[in-house]
Amino acid sequence: MLQIDLRELARGPAETRGQLPADDPLFEGLDVALAEPVTVAGRLQDAAEGRFYWRGSLTTRIASQCRRCLAPVTVPVVADINALFSRDPDALEDPSSYPLAPDAVQIDLRPAVREELLLAVPQWVVCRDDCRGLCPRCGKDLNAGPCGCPPVVDQRWQGLAALKGKLHD
Ligand SMILES: [Zn+2]
Ligand SMILES: [Zn+2]
């Protein structure tokens, strides 16, 4: 249940639970490949004066690629959600606040789920911390062993060697 009837909140905080399938249209255009449904949990509370606080969490896994060796990896994504839904447009300066129409009778939590998911997706994924990556010369996966290319010369030393060459001329 990710659309909450506001009349329910008059009786006290509402438990919010739901699961959104990985191919839900909500996640379209996010450039995130979900490997699992997004599980959402939390509590929505009426904070008076047209403000509603939602504290919750989302859990899923995304399909990504190791930045060093390009191997496919799935990584868990877990995020805490602290969102404010408000009827007052002036309260919306906070990036984790969401507008609520003055005559709204329900709160749709899904836009907050989309936003928080986007923020929680790691930009730098590695298959493991000590991944050796690909050889910049031959492209071989160095996790499988050395490739036989000569060691990469540090750019600073190359500069020095060029300077030396000039001095000799
Ligand atoms: Zn890797
Ligand atoms: Zn190589």
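Residues numbered from 1 in each chain as written. Chains lettered and ligands numbered in written order. Predicted model: local features only at pLDDT ≥ 70, side-chain atom pairs only at ≥ 80, totals over all residues.

Attention now goes to the overall build of the chain. Helix and strand counts for the chain come out as three helices and eight strands. Helices and strands appear in the chain in the N-to-C order β-α-β-β-β-β-β-β-β-α-α. Over its C-alpha trace the chain gives a radius of gyration of 25 Å, far above what one expects of a compact globule, namely 15 Å for 169 residues. Along the first, second and third principal axes, the C-alpha set of the chain runs to 85 × 35 × 25 Å. Taking as baseline every contact in the chain between residues at least 6 positions apart, the subset at least 24 positions apart corresponds to 52%. (Helix = DSSP H or I, 4+ residues; strand = E, 2+ residues; numbered from the N terminus. Rg over C-alpha atoms; globule rule 2.2 N^0.38 Å. Contact = placed C-beta atoms within 7 Å.)

Let us now look at unusual backbone geometry. Positive phi outside glycine occurs at Asp31, with the angle close to 60 degrees. Looking at the element boundaries, Asp31 is found in the loop between strand E2 (14–20) and strand E3 (33–34). Residue Glu49 is not a glycine yet carries a positive backbone phi of 55 degrees. Within the secondary structure layout, Glu49 lies in the loop between strand E4 (38–46) and strand E5 (51–65). With 9 C-beta atoms counted inside 10 Å, the residue Glu49 sits in the exposed group. (Buried ≥ 20, exposed ≤ 12 C-beta atoms within 10 Å, placed from the backbone.)

Domain assignment breaks the chain into domain 1 (3–131) and domain 2 (135–169). Inter-centroid distance (C-alpha atoms) of domain 1 to domain 2 is 46 Å. (Domains from an automatic or database assignment.)

The subject of this paragraph is the pairing of E4. Look at any regular strand and the pattern is simple: side chains alternate between the two faces of the sheet. One ladder, built from seven bridges, connects E2 with E4; its direction is antiparallel. Across the sheet, the residue bridging to Gly18 is Val40, located in E4. One ladder, built from eight bridges, connects E4 with E5; its direction is antiparallel. If you follow Gln45 over to E5, its bridge partner there is Tyr53. Count of turn residues in the E4/E5 antiparallel hairpin: four residues, of which Ala48 carries a positive phi of about 70 degrees. (Pairing = 2+ DSSP bridges.)

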